[in-house]
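# Architecture and fold: a report
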2 protein chains.
Amino acid sequence: MGKSINEIINENRDLYKQWLIDFCAVPSVAAQNRGMEESKKFLQHLFDTYIKEEVEFIETSGYPVAYSHIKSDSPYTISFYNHYDVQPEDPIELWNSPPFEATEKDGKIYARGIADNKGNLIARLAAVHALKQQNPYLPLNVKFIFEGEEEIGSIHLSEFAENHTDKIQSDGNVWEFGYRDVDGRLQVSLGVKGMLYVELSAEGANTDLHSANASIIESPAWRLLFALTSLKDQNDKVLIPGFYDDVIEPTDEEIEFLSQYLFDEEANKEHLGISQFVNNLTGLSLKKKHLFEPTCNICGINSGYTGEGSKTVLPNHAFAKLDFRLVPGQDSERILKLLREHLDNQGFQDIKIKEMSGVQAARTHPTETIVEAVIETVTESEEMSPNIVPNTPGTGPMYDLCQRFGIPSVSFGVGHYASNNHAPNENIRVQDFYKHIEQVADLIVRFEKKLASKGVVKSCN
Amino acid sequence: MGKSINEIINENRDLYKQWLIDFCAVPSVAAQNRGMEESKKFLQHLFDTYIKEEVEFIETSGYPVAYSHIKSDSPYTISFYNHYDVQPEDPIELWNSPPFEATEKDGKIYARGIADNKGNLIARLAAVHALKQQNPYLPLNVKFIFEGEEEIGSIHLSEFAENHTDKIQSDGNVWEFGYRDVDGRLQVSLGVKGMLYVELSAEGANTDLHSANASIIESPAWRLLFALTSLKDQNDKVLIPGFYDDVIEPTDEEIEFLSQYLFDEEANKEHLGISQFVNNLTGLSLKKKHLFEPTCNICGINSGYTGEGSKTVLPNHAFAKLDFRLVPGQDSERILKLLREHLDNQGFQDIKIKEMSGVQAARTHPTETIVEAVIETVTESEEMSPNIVPNTPGTGPMYDLCQRFGIPSVSFGVGHYASNNHAPNENIRVQDFYKHIEQVADLIVRFEKKLASKGVVKSCN
């Protein structure tokens, strides 16, 4: 009798961790066009040397999508969506270790992109590698779809999906990410918020001026601030007319999930060093706002002199980067149109809007086979049921790649509540990384069995 | 018969220009502690080698004040106030030549600090140098007071003046700066606005967060924006209760000066590339707002990600640098107190205020001998009368060094309407530099004669 899959994974722990460390050394910041070619080379090497399967780099109008279809004689297919790009590392001075040198400390590994989402990507490749050590023929077809532009809004993923509907077809998709709650319970999430990302800007005179001129020369910084504070009130309600019109309210079933969903308020507050949440919300209201309500957030704002000491200047340019997290029903293009109309109506015709990206929200129904399989896998592996989240507060191009084409998608992964995604000292726990490898290997086997036992007849490879 | 003073100045043109070029090569940015020691060495060298008079560097709690008292056998004294520090050069990418390499082009010299105010400082030293070539004994005592912290709010000049009342005493002071209007007419100004410079900041969680958290975690960027937009309305009226209470309204005589004061609206608009002034003001209302009304200006604001592309982050820190230009009657400490009270009353107790500097406004009466002497000198030299400004919209520590001790002060200098003080491509016209040398030399002779003819009896050297 051969080795168990977990024995094989255990024997390869150091190898898999090394893959992760090496991948995190690649500064694949798509926003700044850094390390993207190097990422391709790294993935090519991994597939050639270890997975021993073909990987294609499918061109788009932006960075290519890494695609691999590992064939089996099963009629069924599971697909995995991940991305090989990461967020910029700023503010770099707040990192305790170099962002692009994975650093292990106290059971965690710190690196930019390790939680979002190189840890997941590598764990899933490792699961397939381990399964192939056990049996060269996988129980079902496996597709890996790794895009390179998730952190810049997946601007060409929709185009990719439309041009390659054959390649994206599957019976179920595992989405990029997943986290453990404060109590260690794994989250399984069934959807994502959408997003509209814009840059607003204002211009003044043709040069910065001595600030004595502020008495008579219009300030673009003030213009921008007045425009921004017209967008929402101090109770976090967006004031753009029509903004909430198309929101699909959660169903009773979703509210039921929400009430079961664990969110440890005290632990979160303590971890983040805050005394209360927005509007002093607690309980179900807090969870509802977090998961089911849209946002209007300032990701960045800048104007004038921001260095040491004092400089007395009237700056001639000001800009702000905003993301609106959208919920099912809201369309990013319509929100953009409403934003423009609102600014115009408030007298801010001079404020320019640059659309950076738009993504639709998405949700999968909990009775889908892939969802059932993930829940079973996690419950057995963890010896406790997962924390099921109807949708996460985060965003991903799930709709463009899955729901739009009838493919159910579910998300779980290697992160934890303090993984610091998009922030300094991003990290994962080493044990969570190994656990995800085991669970993905189990899921691949389980999903095929469930589809077969249900008698699903589908050929989509 | 000896040479005329203007012949001597003409023979030394290249030397004086070289002093200026060399001084501008010193990046004396006090805000960033750059080039300050080098500035001292440069001034020491200039006094030792060319002026051949003693210069002292008088210690303060900050950068030292360069002080020289060139004695004569006259009972009368004229003093000159200048500063050897300059503004930071940011945004450096908008400069057409290196900010610390003086670059001559089309009759202008471009360099950081050349208009504000190394050009004036050097021109005045050159005038004394030229007078001494003509006669080793100056017609009256001359005092040079060059501070090193003007651009960071003259934070120790008041302390210096209090500790050295003997050194600052004079019968009349010539202040640091001066400009030519669009039509070439020289401005003579009799006062300055005061200033309160503060940094406001807001803090959020103990780390930057993924912006998906914006649904429930308070955003310091939004907090700061709401606090800032509570400070003034869109018509540029400051909303801090009590802000305007102590403003001393201009007298009829001052309004009369103002109505004569030339401000070429069309030329200014064209030069700055703007279509209108604040509130679409014109004529006397525009000039009144510019010279006699206080301001609330954003010098800089920053939060979160401001690089290329899009980063979805909820930043945990936001700050803004503000300057309030104050008019006679307003006290910077009281305005600071009112600002704190206003923020507290508006529910912004969490917004921190850091005071960077506070300066009182100042005005000199036009019948003072030093003012009369400057007007006569300028009228003869220019063959037209100057544009007399009751006070400039800019700020300087004039009150702390002059009016507080009964010393009248008047300002004229080498700049012009497009000198771009505090902004990229700061410049002066070469011919204006030489003209100021001639005028200062003439003023020194004329001021002594006027005091003597008036029979002023004073011994203050």
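Residues numbered from 1 in each chain as written. Chains lettered and ligands numbered in written order. Predicted model: local features only at pLDDT ≥ 70, side-chain atom pairs only at ≥ 80, totals over all residues. Heavy atoms only, no water.

Going by the annotation in an unreviewed UniProt entry, the name recorded for chain A is Acetylornithine deacetylase/succinyl-diaminopimelate desuccinylase-like protein, with Ureibacillus acetophenoni given as the source organism.

## Structural notes on the overall build of chain A
When helices and strands are counted, chain A shows 14 helices and 21 strands. Against the compact-globule benchmark of 23 Å for 461 residues, chain A has a radius of gyration of 23 Å, which places it among compact chains. With the principal axes as the frame, chain A shows a C-alpha extent of 85 × 45 × 45 Å. Out of the 461 residues in chain A, the part that is buried amounts to 64%. In chain A, the proportion of contacts linking residues at least 24 apart, taken out of those at least 6 apart, comes to 80%. Total accessible area computed for chain A in this model is approximately 16,500 Å², and 45% of it derives from carbon and sulfur atoms. One way to put it: in chain A the 43 positive side-chain charges average out to a point 1 Å from where the 69 negative ones average out. (Helix = DSSP H or I, 4+ residues; strand = E, 2+ residues; numbered from the N terminus. Rg over C-alpha atoms; globule rule 2.2 N^0.38 Å. Buried < 20%, exposed > 50% of the residue type's maximum accessible area, 1.4 Å probe, protein only. Contact = heavy atoms within 4.5 Å. Areas by Shrake-Rupley, 256 points an atom, 1.4 Å probe, with all protein chains shown as cover. Lys, Arg positive; Asp, Glu negative; His and termini not counted. Charge placed at Lys NZ, Arg CZ, Asp CG, Glu CD.)

## Let's talk about the pairing of strand β3 (residues 77-83) of chain A
Within a regular strand, side chains alternate between the sheet's two faces. Residues and elements named next belong to chain A. For β3, a buried count of seven out of seven residues is recorded, marking the element as mostly surrounded by other parts of the structure. Side chains T77, S79, Y81 and H83 of β3 all project onto a buried face; the interleaved residues I78, F80 and N82 project onto the opposite face, where all are buried too. Bridging between β3 and strand β6 (residues 141-147) involves seven bridges; their strand directions are parallel. The partner of S79 across the bridge, within β6, is K143. (Pairing = 2+ DSSP bridges.)

## As for the domain arrangement of chain A
All names here are of chain A. Looking at chain A, the domain boundaries give domain 1 (5-192 + 362-453) and domain 2 (194-247 + 293-359). Look at where the C-alpha atoms of domain 1 and domain 2 centre, and you get two points 34 Å apart. Together domain 1 and domain 2 conceal approximately 630 Å² of surface at their shared face, both sides included; 56% is due to carbon and sulfur atoms. If you sort the residues of domain 1 by the area they bury against domain 2, G153, R363 and T395 come out on top, with a joint share of 55%. Here domain 1 and domain 2 share zero salt bridges between them. The tally of links between domain 1 and domain 2 comes to two residue pairs in polar contact (both at pLDDT 80 or more). Partitioned by chemical class, the residues of the side of domain 1 that touches domain 2 number five nonpolar, five polar and one charged. (Domains from an automatic or database assignment. Buried area = accessible area lost by both parts, 1.4 Å probe. Salt bridge = Lys/Arg side-chain N within 4 Å of Asp/Glu carboxyl O. Polar contact = N/O pair within 3.5 Å; in protein donor to acceptor, adjacent residues only side chain to side chain. Nonpolar A, V, L, I, M, F, W, Y, C, P; charged D, E, K, R; others polar.)

## Quick look at the relation of the copies chain A and chain B
Mapping one chain copy onto the other needs a rotation about an axis and a shift along that axis. Overlaying chain A on chain B yields an RMSD of 0.1 Å, the required transformation being a rotation through 180° with an accompanying axial translation of 0.0 Å. Read as a symmetry element, the transformation amounts to a two-fold axis. Among all C-alpha atoms of chain A, that of N302 of chain A lies closest to the rotation axis, at 2.3 Å. A share of 100% of the interface residues of chain A reappears at the interface of chain B, consistent with the copies meeting face to face through the same patch. (Least-squares fit on C-alpha atoms with pLDDT ≥ 70 in both.)

## Considerations on the UniProt feature "domain: Peptidase M20 dimerisation" (unreviewed entry) in chain A
When the UniProt feature table is mapped onto this chain, "domain: Peptidase M20 dimerisation" (unreviewed entry) is found at residues 191-347 of chain A. End C-alpha atoms of residues 191-347 of chain A are separated by 37 Å, and the span's content is 32% helix alongside 22% strand. (UniProt positions renumbered as here; feature names shortened; annotations may be inferred.)

## Side note on helix α10 (residues 283-292) of chain A
Along α10 of chain A, the residues classified as buried are L286, K287, K289, H290, L291 and F292 of chain A. Buried positions along α10 of chain A lie against α8 (252-260), α9 (265-272), β17 (362-363) and β18 (387-389) of chain A.

## Quick look at the interface of chain A and chain B
One frequently used descriptor of interface size is the decrease in accessible area upon assembly of the parts. Contact residues are listed per partner, giving 83 residues for chain A and 83 residues for chain B. Where chain A abuts chain B, roughly 7,100 Å² becomes buried across the two surfaces, and 60% of that area is made up of carbon and sulfur atoms. Taken as a group, I216, W222 and K311 of chain A account for 11% of the area that chain A buries against chain B, more than any other trio of residues on that side. Applying the counting criterion to the chain A and chain B interface returns zero salt bridges. For the interface between chain A and chain B, the tally reads 38 residue pairs in polar contact (both at pLDDT 80 or more). Of all the elements in the fold, those that place two or more residues in the side of chain A that touches chain B are β11 (194-203), β12 (209-210), α7 (220-229), α9, α10, β13 (297-304), β14 (313-314) and β15 (317-326) of chain A. The greatest single-element share of the side of chain A that touches chain B, amounting to eight residues, is contributed by β13 of chain A. Bridge analysis of β13 of chain A against strand β13 (residues 297-304) of chain B gives five bridges, and the strand direction is antiparallel. Directly across from G304 of chain A, in β13 of chain B, lies its bridge partner G300 of chain B.

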